[in-house]
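# Coordinate inspection notes
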Amino acid sequence: MKIYFIILSLLFSSMNIFAGDFVTRFMEKYSDNKQEINNVNIGRSMLEKMANQTQDEDLKKTFNNLNSIRIITSESRKDSKDYFNKAQELVSEEFADFKEMVSVNERNAKMNVLFKKTDEKNQELILLGLDADNKLTIISISGKIDFDSISKLSDTFSKETQSEIMEENIKNEVNEQNE
Amino acid sequence: MEIEQIDKLLGKYWNCETSLEEEQLLQQFFSENVVPDNYKNVAPLFLYTHNEQKEKLSDSFDEKLNQKIEERQKKYITIKLFAPALKIAAMVAFILALSFSGLFWINSTKKQHFAETYNDPLAAYKEATLALDKLSLALQKSEKASLETLVQLNELNVDWDFIDSLNMEIYKNEEEIELKEEQNLKL
């Protein structure tokens, strides 16, 4: 009898694994044509290409270590709130093995970051965000996630943006002088 | 039978040296003759053995026994019929579980379950950096909140050494109680 029980558990556990990542489950369960929802998927090969094209070492390392980045967004105010609640329900129903890392509950914005580590190279992260403009962002990242490098990235991006703005300003000035 | 012979046989009986025939002689003596007074205390033993040996199986005993054996054999046959089916079912379930796990492993290592949205790395880069920026900001927010909590705790001027010493005392007391309990148990 014991052996049958073990075999059945094995069977069900393997079926559970097949259930897929958070974005897949979310899209399967809640996405329909009536409500506006955008989905962006970036896989391993694209991440490698992106790593080859960037000069920033932290970003290069981050891209190389990741397996996928999947994003869901919704601009609709009404739908976003609904989707955010549904995403939280989905986490508690099917992704209860994820541990909450960050929980921000401000008056206008909400954000939850959940994390699961299977082993060193197989880690998964889910970010559920509802910003002040009621815009929904769901991010699912898998691979080797280096939090130290990622937390520094925001500063890098702001520097990049600033340097891009400066470059554009210089170009504009040169153009004006030439004219 | 002479009393002397009975005495001799009884002596052998108590020493466990009597043969089956001799024991039967003793049983016969105590069941047929008027037992002398000095043997009255041992007579019931031989009478009991004599009477028990008279007990015989009824004529229907063999029939009943065979019937019971047949019933048991019938039960055994039903189990035997199901056992191979269960084994086959278990094997099928095991193979299915293995195949599912194997497929999952192959898929997780080689393939991804979704289609790439962009062919252009620059477009993908923009989305990826936006996502990572959002995550980075969340992590920074969490770090900042943790630091602020630490600063607030520092501002409370809590005497941590005193709290530590209280903890140590509690720990010591618990250890002493445990030691006493162990000693009591040993005693």
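This text follows the structure it describes.
In this report, the structure presented in the accompanying data block is examined. Computed from a predicted structure; not experimentally measured.

### Concerning the overall build of chain A
What chain A contains, in helices and strands, is six helices and six strands. Listing the helices and strands of chain A from first to last along the sequence gives α-α-β-α-α-β-α-β-β-β-β-α. Looking at chain A as a whole, 42% of its 179 residues qualify as buried. Expressed as a percentage of contacts within chain A between residues at least 6 apart in sequence, the contacts between residues at least 24 apart total 56%.

### As for the interface of chain A and chain B
Many descriptions give the size of an interface as the accessible area lost when the pieces come together. Contacts between chain A and chain B engage 48 residues on the former and 40 residues on the latter. Between chain A and chain B, the buried area comes to about 3,700 Å², and carbon and sulfur atoms account for 74% of it. In this structure, the salt-bridge partner of Lys 141 of chain B is Glu 106 of chain A, at a minimum N-O distance of 3.4 Å. Here chain A is connected to chain B by eight residue pairs in polar contact (both at pLDDT 80 or more). Partitioned by chemical class, the residues of the side of chain A that touches chain B number 28 nonpolar, twelve polar and eight charged.

### Re the packing of helix α3 (residues 44–53) of chain A against helix α5 (residues 121–155) of chain B
Between two packed helices, what matters for the description is the angle formed by their axes and the separation of those axes. It is at 10 Å that the axes of α3 of chain A and α5 of chain B come closest, and there the two elements cross at 90°. Relative to α5 of chain B, α3 of chain A is oriented roughly perpendicular. Facing α3 of chain A, whose interface residues are Met 46, Lys 49, Met 50 and Gln 53 of chain A, α5 of chain B presents Pro 121, Leu 122, Ala 124, Tyr 125 and Ala 128 of chain B. Looking at side-chain class alone, the contact of α3 of chain A with α5 of chain B contains seven nonpolar, one polar and one charged residues.

### As for the side chain of Thr 73 of chain A
Within the secondary structure layout, Thr 73 of chain A lies in strand β2 (residues 66–74). Excluding anything up to four places from it in sequence, Thr 73 of chain A contacts Ile 37, Asn 38, Leu 136 and Thr 137 of chain A.

### Thoughts on the sheet that holds strand β1 (residues 38–42) of chain A
Strands pair in a sheet through their backbones, by hydrogen bonds, and they do so in one of two ways: parallel or antiparallel. Read across the open sheet, the six strands follow the order β1-β2-β6-β5-β4-β3 (chain A); overall the sheet is antiparallel. The open sheet has two free edges, formed respectively by β1 and β3 (99–105) of chain A, since each of these has just one partner strand. Averaged over all pairs of adjacent strands, the angle between their axes in this sheet comes to 10°, without regard to strand direction. The pairing of β2 of chain A with strand β6 (residues 136–143) of chain A spans eight bridges and is antiparallel. Within β6 of chain A, the residue paired with Arg 70 of chain A across the bridge is Ser 140 of chain A. Strands in contact with α5 of chain B are β1, β2, β3, β4 (110–117), β5 (123–130) and β6 of chain A; relative to β2 of chain A, the strand with the most contacts, it is inclined by about 85°.

### Brief notes about the packing of helix α1 (residues 3–14) of chain B against helix α2 (residues 20–32) of chain B
All names here are of chain B. α2 packs onto α1 with a crossing angle of 125° between their chain directions and a minimal axis gap of 10 Å. When the interaxial angle is binned, α1 and α2 end up oblique. Pair α1 / α2 crosses with left-handed handedness. On α2, the residues that touch Ile 6, Leu 9, Leu 10, Lys 12 and Tyr 13 of α1 are Glu 22, Glu 23, Leu 25, Leu 26, Phe 29 and Phe 30. Residues that form the contact of α1 with α2 fall into these classes: eight nonpolar, no polar and three charged.

### Considerations on the packing of aromatic side chains
Enumeration over the complete set of coordinates arrives at twelve aromatic pairs over all chains. Relative to Phe 98 of chain A, the ring of Phe 95 of chain A has its centre 5.7 Å away and its plane inclined at 70°; by these criteria the two rings are edge-to-face. One exposure class covers both Phe 95 of chain A and Phe 98 of chain A, and it is buried. Summarising the aromatic geometry, the rings of Tyr 13 of chain B and Trp 14 of chain B are spaced 5.3 Å apart at their centres and angled 75° between planes, so their arrangement reads as edge-to-face. Residue classification places Trp 14 of chain B among the partly exposed residues on the basis of a relative accessible area of 49%. Put simply, the rings of Phe 22, Phe 26, Tyr 30, Tyr 83, Phe 95 and Phe 98 of chain A touch in pairs and so form one group of aromatic residues.

### Topic: the pattern of salt bridges
Opposite charge on two side chains permits them to pair, given that their charged atoms come into close proximity. All names here are of chain A. Tallied over the entire structure, the rule returns 14 salt bridges over all chains. Residue Lys 135 pairs with Glu 75 through a salt bridge whose shortest N-O separation is 3.9 Å. One end of the pair, Lys 135, is in the loop between β5 and β6; the other, Glu 75, is in the loop between β2 and α5 (77–94), with 60 residues separating them in the sequence. Residue classification places Lys 135 among the partly exposed positions, given a relative accessible area of 27%. According to the relative accessible area criterion, Glu 75 is exposed, its value standing at 51%. Here Asp 97 and Lys 116 are joined by a salt bridge, their closest N and O atoms 3.0 Å apart. Of this pair, Asp 97 sits in the loop between α5 and β3 while Lys 116 sits in strand β4, and the two are 19 residues apart along the sequence. It is possible to trace a salt-bridge network through shared partners that takes in Arg 25, Glu 28, Lys 29, Glu 93 and Glu 94.

Rules behind the numbers
Residues numbered from 1 in each chain as written. Chains lettered and ligands numbered in written order. Predicted model: local features only at pLDDT ≥ 70, side-chain atom pairs only at ≥ 80, totals over all residues. Heavy atoms only, no water. Helix = DSSP H or I, 4+ residues; strand = E, 2+ residues; numbered from the N terminus. Buried < 20%, exposed > 50% of the residue type's maximum accessible area, 1.4 Å probe, protein only. Contact = heavy atoms within 4.5 Å. Buried area = accessible area lost by both parts, 1.4 Å probe. Salt bridge = Lys/Arg side-chain N within 4 Å of Asp/Glu carboxyl O. Polar contact = N/O pair within 3.5 Å; in protein donor to acceptor, adjacent residues only side chain to side chain. Nonpolar A, V, L, I, M, F, W, Y, C, P; charged D, E, K, R; others polar. Axes fitted to C-alpha atoms, helices over the stretch in contact; angles between N-to-C directions. Parallel < 35°, antiparallel > 145°, perpendicular 65-115°, else oblique. Pairing = 2+ DSSP bridges. Left-handed = near helix turned anticlockwise from the far one by under 90°. Phe/Tyr/Trp six-rings, centres within 6.5 Å; stacked < 30°, edge-to-face > 60°.

By themselves, these figures tell us nothing about what the structure is for.
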